[in-house]
Amino acid sequence: MNTLRSKMSSPSTARSLTLLSHRTWGISGLLALGVALLGSGSAHAQTYSFGVLSQRSAVLTANYWNPILDYVKRKTGIDLQLKLARSASESIESISRGEYDFVYSNNFFLPRYASAGYQVILKPREEAIKGQIVTLPNSPIKSLKDLDGRDVGFPSPVAFVGYAVPMDALLRQGVKVTPDFGGNQEGTMAQLKTGRVAAAAVNGSLMKAFAAREGFQYRVIWESVAYNNLPIAVHPRVPKPVLTAVKNAIDGMEGDAEGRTILEETAKTIGQAPPYGFNASSQSDYRNYIEFYKNTVVPELK
């Protein structure tokens with residue numbers, strides 16, 4: 001597992017309190033003070049892991065997330081360290097073991113991983129995501145039935161809109177394909193681009209951004225219903241004052257000049273369209289994930 005961070009030393013409690021002394025006191029200030037005091041007994045007490053589902057390359061992921069996590073550190077004194085696994089499957093296994101304090105993922109809704117106990121605290125302001133099965137513009141593939149017996153690219157066997165949702169649709173139509181796993185979303189898109197697979201199952205939003213960045217054309221042959229985009233969730237072991245301070249800092253970025261600039265700049269690195277940032281959320285905003293897993297016909301997801 002890799003840790004990708006800007007070279008910044010962990011803040012001491014004294015520095016946290018100095019930063020706080022220049023803020024306007026209120027609920028957020030008191031919460032931040034509580035977080036600073038939590039860290040007074042150990043130099044590492046304010047350091048928490050932030051696991052991100054592997055969808056893009058490590059470089060793009062770090063370029064997007066590190067400025068946001070550094071913003072949280074400056075505002076709250078809480079050091080969120082970005083953690084990346086080599087593949088989506090590895091990061092999901094880490095999530096299933098509860099190794100991350102905070103996660104940006106939607107895979108903890110999978111019943112066999114639910115025991116880790118992650119709870120949603122923030123959801124993206126950007127549009128909901130849809131699973132898609134896409135092919136090259138000049139491909140003879142016109143419908144799902146045309147994929148019967150063909151090789152189809154998938155990010156990983158535990159990707160939600162990149163595997164679970166499209167595989168469910170294929171099985172419901174009696175279409176049997178040979179999965180070819182690309183390791184992450186963009187790995188699967190690269191498989192399609194090079195002609196290694198007849199079609200690719202993808203997150204529609206990521207596919208659109210990838211195509212714009214790479215100058216790549218594709219054709220959609222199937223699309224799912226909408227699901228809220230990947231949430232930020234927290235492990236039960238994280239103290240409530242820390243959870244609240246992190247949630248408030250990220251939720252407030254859009255309304256803060258510095259935070260808004262960071263969101264706009266990081267969005268450019270991945271080709272993300274507005275609106276940017278995250279809103280406070282809860283598990284109830286992701287009910288259709290839970291319903292999907294209850295009713296899916298994909299055997300290994302039961």
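Quantities reported herein were computed from a predicted structural model and do not represent experimental measurements.

Let us now look at the overall build of the protein. Within the protein one finds ten helices and twelve strands. Residue pairs at least 24 apart in sequence account for 79% of intrachain contacts in the protein once pairs closer than 6 positions are excluded. As displayed, the protein offers around 13,000 Å² of accessible surface, 53% of which is attributable to carbon and sulfur atoms.

The next subject is the side chain of N106. Here N106 shows up in the loop between β4 (102-104) and β5 (119-124). Looking at N106, the relative accessible area reads 3%, which means it is buried. A polar contact of 3.4 Å, which involves the side chain of N106, links it to the side chain of Y289. Beyond its immediate stretch of four places on either side in the chain, N106 contacts L53, I129, F160, L230, P231 and Y289.

Turning to the packing of aromatic side chains, a few remarks are in order. All chains considered together, the criterion is met by 21 aromatic pairs. Measuring from centroid to centroid gives 6.5 Å for Y48 and F102, while their planes differ by 85°, and the two rings are edge-to-face. Here the residue Y48 occupies a position in strand β2 (residues 47-52), and F102 occupies one in strand β4, the gap between them amounting to 54 residues. With a centroid separation of 5.1 Å and 85° between ring planes, the pair formed by Y64 and W65 is classed as edge-to-face.

Oppositely charged side chains can form a pair if their charged atoms are brought close together. The full count for this structure, using the stated rule, is 15 salt bridges. As a salt-bridge pair, E99 and R97 come within 2.6 Å of each other at their nearest N and O atoms. Classification of E99 by relative accessible area gives partly exposed; the value is 36%. Accessibility expressed as a relative area gives 53% for R97, which makes it exposed. Put simply, D101 and R237 hold a salt bridge, and the shortest N to O gap is 2.7 Å. Residue D101 is located in the loop between α4 (88-96) and β4, and its partner R237 is located in the loop between β11 (232-234) and α8 (240-251); the two are separated by 136 residues in the primary sequence. Residue classification places R237 among the partly exposed positions, given a relative accessible area of 41%.

Our next topic: helix α9 (residues 257-270). With 14 residues, α9 extends 21 Å from end C-alpha to end C-alpha; this agrees with the ideal 20 Å at 1.5 Å per step. Looking at α9, one finds that the buried residues are G259, I262, L263, T266, A267 and I270. For α9, the buried positions fall inside an angular range of 130° around the axis, keeping them on one side. Away from its buried face by more than 90 degrees, α9 exposes A257 and K268. Buried residues in α9 make contact with α3 (58-76) and α7 (204-214).

Let's shift gears to the packing of α3 against α9. Packing of α3 against α9 brings their axes to within 8 Å, and their N-to-C directions diverge by 170°. Comparing their axes, α9 and α3 come out roughly antiparallel. Contacts from L60, N63, Y64, P67, I68, Y71, R74 and K75 in α3 reach E258, G259, I262, L263, T266, A267, T269 and I270 in α9. Of the residues that constitute the contact of α3 with α9, the class distribution is nine nonpolar, four polar and three charged.

This part takes up the pairing of strand β9 (residues 199-203). With five of five residues buried, β9 is to be regarded as a mostly interior element. Neither face of β9 is exposed, since A199, A201 and N203 on one face and A200 and V202 on the opposite face are all buried. One ladder, built from four bridges, connects strand β6 (residues 129-135) with β9; its direction is antiparallel. Following the sheet pairing, Q132 is matched in β9 by V202. Pairing between strand β7 (residues 151-154) and β9: two bridges, direction parallel. Residue pairing in the sheet places G153 in a bridge with A200 of β9.

For the pair helix α5 (residues 160-172) and helix α10 (residues 287-295), interaxial distance at closest approach is 12 Å and the crossing angle is 40°. Considered as vectors, α5 and α10 are oriented oblique to each other. Relative to α10, α5 is oriented so that their crossing is left-handed. Where α5 abuts α10, its residues F160, A164, V165, D168 and R172 lie against Y289, F292, Y293 and N295. Tallied by class, residues from the contact of α5 with α10 come to six nonpolar, one polar and two charged.

The next point concerns the nonpolar core. In terms of nonpolar packing, the biggest core is built from 81 residues, with F50, W65, F102 and L147 touching the most fellow members. Residue contributions to this core peak at eight residues, all from α5. Discounting residues that sit within four places of it in the chain, F102 has contacts with Y48, S49, F50, G51, L80, I121, A233, V234, V238, V242, L243 and V246. In this structure, L192, V197, A200 and F216 belong to the second largest nonpolar core, which totals eleven residues.

So, how was this worked out
Residue indices follow the written sequence of each chain, beginning from 1 at its first position. Residue-level local features of this predicted model are given only where pLDDT is at least 70; pairs of side-chain atoms are given and counted only at 80 or more, and the full residue set underlies all totals for whole chains, interfaces and linings. Only hydrogens and water are set aside; all other atoms, that is, all heavy atoms of the structure, feed into the side-chain values. Strands here are runs of E lasting at least two residues and helices are runs of H or I lasting at least four, both read from the DSSP assignment and numbered beginning at the N terminus. Whether two residues are in contact is decided by their heavy atoms, any of which lying within 4.5 Å being enough. Where accessible areas are quoted, they stem from the Shrake-Rupley method and a 1.4 Å probe; at the residue level, only the protein chains shown are allowed to cover. Only protein chains enter the calculation, and the probe is 1.4 Å; a residue is then buried if its accessible area is under 20% of its type maximum, exposed if over 50%, and partly exposed in between. Identification of polar contacts relies on pairs of N or O atoms within 3.5 Å, with a donor-acceptor requirement for protein atoms, meaning one able to donate a hydrogen and the other able to accept it, and with residues adjacent in sequence counted only if both atoms are side-chain atoms. Each Phe, Tyr or Trp ring (for Trp, its six-membered ring) is paired with any other whose centre lies within 6.5 Å, and the angle between the two planes then decides the class: stacked below 30 degrees, edge-to-face above 60, tilted in between. Salt bridge, as used here: a side-chain nitrogen of Lys or Arg that lies within 4 Å of a carboxyl oxygen of Asp or Glu. One fewer than the residue count of a helix, multiplied by 1.5 Å, yields its expected span. Taken from the helix axis, the directions to the C-beta atoms give the arc we talk about. Axis definition: a line fit to C-alpha positions, over the contact stretch in the case of helices; interaxial angles, taken between N-to-C directions, run 0 to 180 degrees. The cut-offs work like this: below 35 degrees is roughly parallel, past 145 is roughly antiparallel, 65 to 115 is roughly perpendicular, and the gaps in between are oblique. Throughout this entry, Asp, Glu, Lys and Arg are counted as charged residues, while Ala, Val, Leu, Ile, Met, Phe, Trp, Tyr, Cys and Pro are counted as nonpolar. The remaining residues, Gly among them, count as polar. The rule for pairing is simple: two strands pair if DSSP sees at least two bridges between them. Crossings are assigned a handedness: left-handed for a near helix turned anticlockwise from the far helix by less than a right angle, right-handed for a clockwise turn. Buried residues of nine kinds, namely Ala, Val, Leu, Ile, Met, Phe, Trp, Tyr and Cys, make up a nonpolar core once their side-chain atoms join them within 4.5 Å.

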